[in-house]
Structure formats: structure tokens, C-alpha cells
Amino acid sequence: MAKSKYEYVKCFEAEEEVMYPNIIVVQIEGRDFGSFSEKHGFEKPNDENALNLMNACAIKVLENFSDVIFAYGFSDEYSFILNKETTFYQRRASKIQSIIVSFFSSTYVAKWKEFFSQKELSVPPSFHSRVISCASMEVLQAYLLWRQTECHISNQYNTCLWKLVFSGKSEKEAKEILKGTQKQEQNELLFQKFGINYKDLPQIFRQGSCAIKIKVDDIVKYRENGSPVKRPRKKAVIVHSENIATKRFWNNYSCLTEELGSFAEGINKIKPEYLRSFLFESRLMLSTWIVVRIDGCHFHRFCEDNGFQKPNDEQALKLMNSCAASLLEMFKDIIFAYGVSDEYSFVLKKDTLLYQRRSSEIVSAVVSLFSSMYVMKWKEFFPEKEFKEPPYFDGRSVCYPSSKILRDYLAWRQVDCHINNQYNTCFWLLVKSGKSRTEAQSSLKGTQTQEKNELLAQFGIDYNGLPIIFRMGSSVFLDRDEATGNDRVVVEHCSIIETSFWKEHPRILDEEESLPTILRPHSNKMLRLS
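Per-chain numbering applies: the sequence of each chain, read as written, is numbered from 1 onward. With the structure being a predicted model, the display of local features is reserved for residues of pLDDT at least 70 and the display and counting of side-chain atom pairs for 80 or more, all residues being used for whole-chain, interface and lining totals. Side-chain calculation: all heavy atoms of the structure are included, whereas hydrogens and water are not.

Enquirer: What is the right way to read the overall build of the protein from this model?
Expert: Helix and strand labels come from DSSP, where a helix needs a run of H or I of at least four residues and a strand needs a run of E of at least two; each type is numbered from the N terminus. In terms of helices and strands, the protein carries 18 helices and 13 strands. We take the radius of gyration over the C-alpha atoms and set the globule estimate at 2.2 Å times the residue count to the 0.38 power. On C-alpha atoms alone, the protein measures out to a radius of gyration of 26 Å, which is about the 24 Å that the 2.2 N^0.38 rule sets for 530 residues. Expressed as lengths along the three principal axes of its C-alpha atoms, the size of the protein is roughly 85 × 80 × 45 Å. Note on contacts: a residue pair qualifies if any of its non-hydrogen atoms lie within 4.5 Å across the two residues. Summarising the internal contacts of the protein: among those between residues at least 6 apart in sequence, 74% fall at separations of at least 24. In the form shown here, the protein has an accessible surface area of approximately 26000 Å², with 48% of it arising from carbon and sulfur atoms. Charged residues are defined here as Lys and Arg on the positive side and Asp and Glu on the negative side; His and the ends of the chain fall outside this count. Charge placement uses NZ in Lys and CZ in Arg. For Asp and Glu, CG and CD serve respectively. For the protein, the distance from the average position of its 70 positive side-chain charges to the average position of its 68 negative side-chain charges is 3 Å. Using a 1.4 Å probe, accessible areas were evaluated by the Shrake-Rupley method; residue-level cover was limited to the displayed protein chains.

Structure below.
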């Protein structure tokens, strides 16, 4: 298909590859999950249904992505470990972490009713994700020891805290009582004051949960004599262990030693600061426009499975727009969004300090929340349909140094919208007229805009008469409501290539505040370097 003059903007995209043979770990963690737990009435200090929901999502990740072979989780956190030889998405960090957190988020919403049948999901769950690049098996072993130790420490403290609160203390008083206490003192408090032996608490609370693939024999059919025919396969299961960072635990599961390697006999505790040094993280350049672009993963299959209309399903596009509008309402730093098909680009303020401009936190928050919203809003747009598998998206962040280049980026996406829509409209008309897909592709090979318009005319279609949402895509932004004087999120279908749009809406790319807050005189905001 034709290329546009705006494609030069692709040179600003950078891929961060996790170098082989480093082991890739994707850690996800609930975003503002304290508030989420309060709103949904989770039990304190642990809600077993909520933990089982997290575990079910982890199992689904292992089932869906063959390269993920082990996961460890507790509370609102999960760490996913990919096999050592993985070439999953060419080991690109942003792709890997965004895909896993997106799939986990949409699965969390899809499975909510299995674990909370009496509770409505009132707000969308979302998660941060990051990549840890473990340089050796020793680092991975230390990482798992660190996370399981953190599980124990936080669970023991929270158990004491909430027992004190339930006994009549305020949270402030309970925290003061526990201030400076160690493991032994907390055990004594639980036993002497509440008659609780900490070791008798459920394993899932004390030890966390492991999602792991084991080899099983499935019965695929029966012979005439009634004997079963079995076929080996890998099945993801949840297990609990007191110490997952030991050679003994590791050697119990052949898939771990085969696809990762062996653990040492024992390992000393390592300071978290050392392990954080393996965090695969970058901060996005100050005083640049940040764009987060998300794309549907395997959406051709998702569309086929759910019977979306070809070449465009207007309800599916409106669902995407509704999710984008929700993100602008939730993230005040997102000032504009443009979407087409299964793709959306979100523009953040040039001076944003959202998440200290950490790329992984920004991308994961956007893609996770979008994925959750997509599943939550599904029934609004497809009340008669149940999707077969959760949808998910990948995401990336790109920095653009000037408003002109940013506008050229958005123009590139809109030109692509036109090129792809015109081609797909012709393609599906040919297929519906009786041609095979191969024949339709051959007929369109090398054709230009005018030739496609002539082909459409043969079917009685004026391309410019097609719904504007198909031809122009969707722009989402804040606009002033003249009646109330308040800002509101609007969705428009118009040309953003022409300068007239930006002149009509000068507030969107207002560069009067082009310097980041940290560099402005008399600013109280400071960018932390931790």
C-alpha cells in the first residue's frame, strides 16, 4: 500500500531489547489497589477470593503465552518468568510488559463474576508493569527470595494491624503499637492477644502462590476395547511452598530446570537495592510530547471470533472511543487521543511529570486501564454477545520534540486510516462479490487512490459518502461546554491534518507552558531521581 510523507516520524521510535541470555521477568502490581479494595469491600487483611482471582488470571497468562513458564504472586502483585531462550516479540521490553499486563487486566474483569458473584465491579482494575532483566540464575533466585520474603513480612504486619483495628484500636494507634516490632514480637502479639499461631494461617496468605506448568496425560479418546488413548501436555496449576527460592523446590518441576536452569543449594539474603539495579527502566526526555500508542493483539482473530462486521464494525469503533474518553477523564495529563480500527494514540502534556516520566509505568497504566475498560464496557455495545477470549493490547511510548512533529505523527496515523480503510473497503466488497481473499488481494495489488475509487463506483459506492468515523478515525479531547463553562470530553471525526483544526482548538497543544514544571521559576514541584 502507498506510503505518506509523514512516515519520517517513525525514526523517533526506539525499541529496548532485553539482551540474551538475561532472563526476563515481568512484574505487575495493582495500581491504587488500596482504594480499589475499599470500594469493593475486600476482607482485611486478606481476601481469599481476591487472591484466587489473581491466581486464576496468572493461570490464564501461562495458558495463553507458552513462553511464560512460571509465576509467583501475593496480594495485588505477580511476577511472570519467561523461558531463557525466549524470542517472544523479539525480546522487546515494552511489547512484552504491556501485552502481559493488558491480558492480565482484561482477564481480571472477565473472571470477576466467577469469584464475586454478588458484587458488581464498580471501577476498572488496573496494574503497573515493569521488566526485570535477571543477568543470571543467581539473580533470579535472589529476586524470588526477595518477593516471597516481602510476602511474609507484609502479611504478618497486616495481620497484626487489622487484628488490632478489629479489637477497637484506630489504624493510627495500631500502627504506633507495631512501630519498630520484629517478627518474633509480632508472632507473640498474635498468639498472646488473639490466640493465633501465625503458622496456622492459610498458606496462600503466608507463602503466596506459584503458577507453574506440569506435565500431565490427557485422555483424547478411547479404543474399541475401552482403553484410553493419552496424550502428554503441559497444564498450568497453582502450588504453595514455604520457600520457592531453593534448589529442592526448583528440582521438583522439570520444566523449570529444563527451560531456565538450576538453582544453587542456598542463597543469602540480598538487599533490594541490588535487585532493583536489574530493573529495565527508562525515563522519557523532559520537555517533549509523550505519545502512548496501543494496538490490538491478534485482533483479526478477535474480530472473527466475535463476528465483527467487515470492513468496519461501527459498534466496535464506538467501544474503542468510549474507552479512550474514559482514559481522558481519569488521566488529566492526557490531552488528546486519536484512534482508528484497533489502535489508539494518547498524547500527554509536554510538561507532564506523570509517574516521574517512567516509560514502563506510563505505558502499563494506560494499556491496563484501557483493557479493563474494554471488557467492562463490552455489554454496552454488544449486549447480545459474549466474547470467547479476553482482548488485549500492546503499547509503546514515543517522545516528539516539537508540536510540528507531533502533528505530523497524528497526520501519519490519519493518512494510514484513510489508506487502510479504502483498501479494506475494496477488499471486502470483492470478497463478498465472490472472489477469494487471494484473488481480491491480487486485484488490488499496486492500485492507487483513484483506481480504488473507480472500483468502488462499480459497486455504486462513493467513498466520500461512507461514514466519516471510518474515513477520518476519531479524535478525543477536552472542550469547553459553552452552556456550563466546564470542560468535557468530546469525540469528533474530522481532519486533524489541516492546521484549521488546531487553530480551532488552541488549548490542546498550548505551548505557553512548554517548559516542564521542574524547570519553571518558583516551582514547588520537583522531579525525584529515585
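Resuming the write-up.
Enquirer: When you look at the UniProt feature "domain: tRNAHis guanylyltransferase catalytic" (unreviewed entry) in the protein in this model, what are you seeing that I'm missing?
Expert: Residues given the UniProt feature "domain: tRNAHis guanylyltransferase catalytic" (unreviewed entry) here are residues 6-133 and 273-401. End C-alpha atoms of residues 6-133 are separated by 35 Å, and the span's content is 37% helix alongside 22% strand. Annotated as residues 273-401, this span is 40% helix and 24% strand, and its ends, taken at the C-alpha atoms, are 33 Å apart. UniProt positions are given in the numbering used here, feature names are shortened, and annotations may be inferred rather than shown by experiment.

Enquirer: Help me out: how do you make sense of the environment of Asn486 in this one?
Expert: The residue Asn486 is located in the loop between β12 (474-480) and β13 (487-492) in this model. Put simply, Asn486 and Ser443 are 43 residues apart on the chain and 52 Å apart in space, counted from C-alpha to C-alpha. Setting aside chain neighbours within four positions, we find Asn486 in contact with Asp479, Arg480 and Asp481.

Enquirer: I keep staring at the nonpolar core and nothing clicks. Help me out?
Expert: Across soluble globular proteins, nonpolar side chains show a tendency to be buried alongside one another. Take the buried residues of types Ala, Val, Leu, Ile, Met, Phe, Trp, Tyr and Cys, join any two whose side-chain atoms come within 4.5 Å, and each joined set is a nonpolar core. Burial classification: accessible surface area is computed with a 1.4 Å probe over protein chains only, and a residue below 20% of its type maximum counts as buried, one above 50% as exposed, and the rest as partly exposed. In this structure, Phe80, Phe104, Tyr108, Phe346, Phe370 and Tyr374 are the most contacted members of the largest nonpolar core, which totals 82 residues. The contacts of Phe346, once residues within four sequence positions are left out, are Ile290, Val291, Val292, Ile294, Ala324, Leu327, Leu328, Ile334, Phe336, Ala337, Val366 and Phe370. Among the nonpolar cores identified, the runner-up in size contains 33 residues, and Phe74, Met137, Ile244 and Trp250 belong to it.

Enquirer: Please explain the state of the cysteines as it appears in this structure.
Expert: Every disulfide links exactly two cysteines, by a covalent bond between their sulfur atoms. Only a pair of cysteine sulfur atoms within 2.5 Å qualifies as a disulfide here. Evaluation of the coordinates by the stated rule reveals 0 disulfides. Residue Cys11 stays outside any disulfide, its sulfur separated by 13 Å from that of Cys399, the closest cysteine. For Cys11, a relative accessible area of 60% puts it in the exposed group. Free cysteine: Cys297, not disulfide-bonded; nearest cysteine sulfur from Cys303 at 13 Å. A relative accessible area of 5% places Cys297 in the buried class.

Enquirer: Is there a simple way to explain empty space enclosed by the protein in this structure?
Expert: Buriedness of a pocket was judged along seven lines, with at least five required to meet protein on both sides within 12 Å; pockets are open sets of points on a 1 Å grid over the protein atoms alone, cavities are sets where a 1.4 Å probe fits but cannot get out, and lining residues have an atom within 4 Å of a point. Grid points are joined across faces, edges and corners, and a volume is the space filled by probe spheres set on the points. One pass over the structure, following the stated rule, counts 1 cavity of 30 Å³ or more. Each pocket or cavity is described by its volume, and for the largest cavity that value is around 40 Å³. Counting residues per element, the lining of the largest cavity draws most heavily on helix α2 (residues 48-64), at 3 residues. Residues are grouped as follows: Ala, Val, Leu, Ile, Met, Phe, Trp, Tyr, Cys and Pro are nonpolar; Asp, Glu, Lys and Arg are charged; all remaining types, including Gly, are polar. The residue inventory of the lining of the largest cavity, partitioned by class, reads 5 nonpolar, 5 polar and no charged.

Enquirer: What exactly am I supposed to notice about the pairing of strand β2 (residues 68-74) here?
Expert: Taken residue by residue, a regular strand's side chains alternate between the two faces of the sheet. Among the 7 residues that make up β2, 7 are buried, leaving the element largely enclosed by the rest of the structure. From the end of β2 to the start of strand β3 (residues 77-82), which pair antiparallel, there are 2 residues, and Ser75 there has a positive phi angle of about 50°. We treat two strands as partners when DSSP finds at least two bridges between them. Two elements, β2 and strand β5 (residues 209-222), share 4 bridges in a ladder whose sense is antiparallel. By the bridge assignment for β5, Tyr72 is matched with Cys210.

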